[in-house]
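This is what each chain is made of:
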Amino acid sequence: MSQVTTATPEIEIPSIPLRELAPWALFFGLIGAFILFFISADQGAVSIPAGTAIHEWVHDGRHLLGFPCH
Amino acid sequence: MTPRNFLVRGLLAGLIAGILTFAVAYIAGEPSVDAAIKVESAGETPHAHGQSAPATHGGDHHDENGTVVSRQNQSTWGLATATISTGVAFGGIVALAAAFALGRIGRLRPSQSTALVAALGFVSVALVPFIKYPATPPAVGNADTIGSRTTQYFVMLAISVLAMIAAVLLFRKLLDRFGTYTAVLTSAAAYLAVVILAGALMPTVNEIGDFPGDTLWYFRRGSLMTLATLWGVIGIALTGLIGKLYVQESATQARRDLAASL
């Protein structure tokens, strides 16, 4: 992955090593997936917690953002 | 250029995108959501096998055990919650993907690789799944099949995103040997081949019944505008912010190099 871009002298393109990026990607990836789950799918096919409050609250957004709602 | 710099800018871009997406969804999408709910509550539940289990949604008129959220709240605060949360989540994810792509896609400069990541994200996360499983308004869709439809939607989404990642990796492999033109053409064709095959093999969902065709189209057009706004604004805002960051950091670096050379 560390294909260090042998740059022409005038433009040197930086690159972020995977070791630096991985913890951020993992942590925010999990948070992002969590948020998207509650907005997109919760209390439709799967319900955590049980009920319909989240589904009802984000109902219009779920339809308009293209997720299967009900 | 650190992961933190990218993430912070991605969250900001996502926040802006979420707010603008709310405006577009409210103006372009809500009228047809309301029209669809009118169809639904008129009792003409158009799906073929549906009337046994009325879906628990769609407003203050019917729900047997669920929480009641008024249409007024659903179309304003509820919609804003959904668009802003989704915007911030996708903004952060796109930013970290752009951080990974930085300096790893040919000779693209930071703003260019960031714009490319956002564009490919729109195609693979929003557009392609939409083409196979388009958004459905309230009153379309049988409550009994929500499980299978949700699974199918997310399987299609996963195939599309994984195929896009594979296509970009393929592009990197081909770039040095065959040049940009052939590498782009081959990897784009490979992505299309995978999603078209997947689309052909995945089951078709048709629960439209006799739902009015014009309302369906207005809803889907509004939904597509909503998604395009979300991804478009994330891409535009993040590209601008990363471009500016790169200029600043290059200038700092140039000053440092000059100072060191003295």
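Quick caveat, the model's predicted, so the values are computed rather than measured.

(A) Structural context of the overall build of chain A. Along chain A, the regular secondary structure elements total three helices and zero strands. Along the chain direction, N to C, the helices and strands of chain A fall in the order α-α-α. Relative to its full complement of 70 residues, chain A shows a buried share of 43%.

(B) The arrangement of helix 1 (residues 3-41) of chain B in detail. Here helix 1 of chain B contains 39 residues, and its C-alpha end-to-end distance of 49 Å is more than 12% below the 57 Å for a straight helix at 1.5 Å per residue. Along helix 1 of chain B, the sharpest kink reaches roughly 50°, centred on Gly-29 of chain B and followed within four residues by the proline Pro-31 of chain B.

(C) Quick look at helix 2 (residues 71-101) of chain B. Residues and elements named next belong to chain B. Compared with an ideal rise of 1.5 Å per residue, which puts 31 residues at 45 Å, helix 2 spans 42 Å between its outermost C-alpha atoms and is within 8% of the ideal. At Gly-78, helix 2 shows its maximal bend, which comes to roughly 35°. Most of helix 2 is tucked away: 26 of the 31 residues are buried. Note on helix 2: the residue one or two positions beyond its end, Gly-103, has a positive phi of about 70°.

(D) Seen up close, the interface of chain A and chain B. Of the residues lining the interface, 38 residues belong to chain A; the matching set on chain B comes to 51 residues. Listing elements by their share of the side of chain A that touches chain B, those giving two or more residues are helix 1 (18-40), helix 2 (53-57) and helix 3 (59-64) of chain A. Ranked by residue count, the leading element in the side of chain A that touches chain B is helix 1 of chain A, at 10 residues. For the side of chain A that touches chain B, a count of residues per class yields 20 nonpolar, 14 polar and four charged.

(E) Looking closely at the environment of Gln-152 of chain B. All names here are of chain B. Summarising the element assignment, Gln-152 is placed in helix 4 (residues 146-201). C-alpha of Gln-152 to C-alpha of Asp-257: the two residues are 105 residues apart in sequence and 54 Å apart in space. In this view, Gln-152 contacts Tyr-133, Met-202, Pro-203 and Val-205; residues no more than four positions away in its chain are not counted.

(F) Inspection of the UniProt feature "transmembrane region" (unreviewed entry) in chain B at higher detail. Residue and element names in this part refer to chain B. UniProt annotation of "transmembrane region" (unreviewed entry) refers to residues 7-28, 77-102, 114-133, 153-171, 178-202 and 222-247 when read in the numbering used here. Between the C-alpha atoms that bound residues 7-28 the distance is 30 Å, and the span itself is 100% helix and 0% strand. The span residues 153-171 is 100% helix and 0% strand, and its two end C-alpha atoms sit 27 Å from each other.

(G) Focus on the nonpolar core. Residues Val-94, Leu-96, Ala-98, Ile-234 and Leu-238 of chain B are the most contacted members of the largest nonpolar core, which totals 69 residues. At the level of elements, helix 1 and helix 2 of chain A together with helix 1, helix 2, helix 3 (110-132), helix 4 and helix 5 (213-261) of chain B are the ones that each hand at least two residues to this core. Sorting elements by how many residues they give to this core places helix 2 of chain B first, with 16 residues. Each residue touching Ala-98 of chain B, except ones within four places of it in the same chain, is listed here: Phe-6, Ser-113, Thr-114, Val-117, Leu-238 and Ile-242 of chain B. Ranked by size, the runner-up nonpolar core spans nine residues in total, among them Ala-36, Ile-37, Val-39 and Phe-211 of chain B.

(H) Representation of the environment of Glu-56 of chain A. Its place among the elements puts Glu-56 of chain A in helix 2. Separated by 34 residues in sequence, Glu-56 of chain A and Ala-22 of chain A have C-alpha atoms that sit 36 Å apart.

(I) Here's a closer look at the UniProt feature "transmembrane region" (unreviewed entry) in chain A. When the UniProt feature table is mapped to this numbering, "transmembrane region" (unreviewed entry) covers residues 21-39 of chain A. Across residues 21-39 of chain A, helical content stands at 100% and strand content at 0%; the span's end C-alpha atoms are separated by 26 Å.

(J) View of the packing of helix 2 of chain B against helix 3 of chain B. All names here are of chain B. It is at 9 Å that the axes of helix 2 and helix 3 come closest, and there the two elements cross at 130°. By the angle between their axes, helix 2 is oblique relative to helix 3. In this structure, the crossing between helix 2 and helix 3 has a hand that is right-handed. Side by side, helix 2 and helix 3 meet where Val-94, Ala-97, Ala-98 and Ala-101 of the first sit next to Ser-113, Thr-114, Val-117, Ala-118 and Gly-121 of the second. For the contact of helix 2 with helix 3, the per-class residue count stands at six nonpolar, three polar and no charged.

(K) Here's a closer look at the confidence of the model for chain B. Residues and elements named next belong to chain B. Within chain B, residue pLDDT values average 90, and 90% of them lie at 70 or more. Confidence over residues 45-64 falls short of pLDDT 50; this stretch has 43 contacts with residues more than four positions distant or in other chains. Two numbers describe this predicted complex: its pTM, 0.88, and its ipTM, 0.84.

Rules used throughout
Residues numbered from 1 in each chain as written. Chains lettered and ligands numbered in written order. Predicted model: local features only at pLDDT ≥ 70, side-chain atom pairs only at ≥ 80, totals over all residues. Helix = DSSP H or I, 4+ residues; strand = E, 2+ residues; numbered from the N terminus. Buried ≥ 20, exposed ≤ 12 C-beta atoms within 10 Å, placed from the backbone. Expected span 1.5 Å × (residues − 1). Bend = angle between axes of the 7 residues up to and from the residue. Contact = placed C-beta atoms within 7 Å. Nonpolar A, V, L, I, M, F, W, Y, C, P; charged D, E, K, R; others polar. UniProt positions renumbered as here; feature names shortened; annotations may be inferred. Core = buried A, V, L, I, M, F, W, Y, C linked by C-beta atoms within 7 Å. Axes fitted to C-alpha atoms, helices over the stretch in contact; angles between N-to-C directions. Parallel < 35°, antiparallel > 145°, perpendicular 65-115°, else oblique. Left-handed = near helix turned anticlockwise from the far one by under 90°. pLDDT = per-residue confidence, 0-100.

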